Amino acid sequence: MCMRFAPGSRGRLTRYDLDRFPGDSLFDRLGRVVCSVGRLPRKELYEAWELGRRVRRRCRGGRVVDVAGGHGLLAHVMLLLDDSSPEAVVVDPDPPPAAAALHQALVAEWPRLNGRVSYLRVDVQRFVLTAGDLVVSSHACGALTDAILDAAAEASAAVAVLPCCHDLATCDPGPLAGWMERTLAVDAVRALRLETRGYAVSTQTIPAAVTPKNRLLIARRELP
Ligand SMILES: C[S@@+](CC[C@H](N)C(=O)[O-])C[C@H]1O[C@@H](n2cnc3c(N)ncnc32)[C@H](O)[C@@H]1O
């Protein structure tokens, strides 16, 4: 991964950044595609990459469902890192305008993605998940992360989230807020609730230089 410039910047990657991604690695190729589109914040590339790599070490295959997916970069990264997933769906009622351009550019670079990524403009509550799905979500704001975890758990789907914007009016720190920083308490309660629902939970972080909201929760239903 190229670390010569701040990976957590909200500045857009554009064609002027192309020479920062000179190599033949998957990451550099991905970086060049994002630069060629010219519309995505730099941090989005690094977040999708760091999250995708860690999730794929634990969760292989499955239909990928990128909830609150925005441009849908994570959905594509998940397929590129594990081609055994047949398809990916980006579930977002209000995707950004550049989502279609990003998808076209990624398909042009990797034709095997053609026809395998779809965008659905619906609320997560209206999307039907199944037990074989792998639900991923990068920075679903506040209680939306809880809605995603609930929807995944009701379907017994594997799930990985990188929470952000903890809203202490709607997110539950349980009884832990007296002992630890409140947003950490919220995420700790989320992890423990998944365990009580029969999930094997892994708590990790992605580099803080990419985002300060860097707690990654990965959960898979344990076999009976
Ligand atoms: C902070 S953005 C994150 C986008 C992307 N995952 C990323 O990391 O760049 C949050 C996204 O959640 C979407 N969103 C809001 N409410 C939603 C809902 N009920 N179901 C699914 N997505 C939702 C928004 O449209 C927005 O694109």
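Residues numbered from 1 in each chain as written. Predicted model: local features only at pLDDT ≥ 70, side-chain atom pairs only at ≥ 80, totals over all residues. Heavy atoms only, no water.

A.B. asks: Could you clarify how one ought to interpret the sheet that holds strand β3 (residues 117-120) in this entry?
C.D. replies: Within a sheet, adjacent strands bond to each other through the backbone by hydrogen bonds, running parallel or antiparallel. Across the sheet, which stays open at both edges, the seven strands sit in the order β3-β2-β1-β4-β5-β7-β6 with mixed pairing between neighbours. The open sheet has two edge strands, β3 and β6 (199-205), and neither has a second partner. The average undirected angle you get between the axes of adjacent strands in this sheet is 15°. Pairing between strand β5 (residues 158-164) and strand β7 (residues 215-221): three bridges, direction antiparallel. Of the residues in β7, the one forming a bridge with V159 is A219. Contacting β1 (64-67), β4 (134-141), β5, β6 and β7, helix α5 (residues 143-155) crosses the sheet at an angle of about 165° to β4. (Pairing = 2+ DSSP bridges. Helix = DSSP H or I, 4+ residues; strand = E, 2+ residues; numbered from the N terminus. Axes fitted to C-alpha atoms, helices over the stretch in contact; angles between N-to-C directions. Contact = heavy atoms within 4.5 Å.)

A.B. asks: Just to check I follow, could you spell out the nonpolar core for this structure?
C.D. replies: Ranked by internal contacts, the top residues of the largest apolar core, which has 43 residues, are F21, L30, L45, V55, L73, L106 and V136. Within the residue set of this core, elements represented by two or more residues are α1 (26-37), α2 (42-58), α3 (73-81), β2 (88-91), α4 (99-109), β4, β5 and β7. For this core, the leading source of residues is α3, giving seven residues. Apart from residues lying up to four places away in sequence, L45 is in contact with L13, F21, F27, L30, G31, V34 and L73. Listed in part, the 24 residues of the second largest apolar core include A153, A157, V159 and V161. (Core = buried A, V, L, I, M, F, W, Y, C linked by side-chain atoms within 4.5 Å. Buried < 20%, exposed > 50% of the residue type's maximum accessible area, 1.4 Å probe, protein only.)

A.B. asks: I would appreciate a short explanation of the site of the ligand in the present structure.
C.D. replies: Taken together, 14 residues surround the ligand, and among them A68, D92, D123, V124 and S138 come closest. Interatomic distance of 2.6 Å between a side-chain N/O atom of D92 and an oxygen atom of the ligand. V124 is positioned with one of its backbone polar atoms (N or O) 3.1 Å from a nitrogen atom of the ligand. Here the ligand has 600 Å² of accessible area as a free molecule, and 73% of this is covered by the chains. It is β4 that provides the largest number of residues to the shell around the ligand, a total of three residues. Classifying every residue of the shell around the ligand gives six nonpolar, four polar and four charged. (Near = heavy atom within 4 Å. Polar contact = N/O pair within 3.5 Å; in protein donor to acceptor, adjacent residues only side chain to side chain. Areas by Shrake-Rupley, 256 points an atom, 1.4 Å probe, with all protein chains shown as cover. Nonpolar A, V, L, I, M, F, W, Y, C, P; charged D, E, K, R; others polar.)

A.B. asks: Would you mind showing me how to read unusual backbone geometry here?
C.D. replies: Negative phi values dominate among residues other than glycine, just as trans dominates among peptide bonds. The residue A68 is not glycine, and still its phi comes out positive at about 55°. Phi is positive for H139, which is not a glycine, with a value near 60°.

A.B. asks: How should the environment of A147 be read in this particular structure?
C.D. replies: Among the secondary structure elements, A147 is positioned in helix α5. The exposure class of A147 is buried, given its relative accessible area of 18%. Residues A147 and F127, 20 residues apart in the sequence, show an inter-C-alpha distance of 12 Å. When residues no more than four places from it in sequence are discounted, the contact partners of A147 are V124 and Q125.

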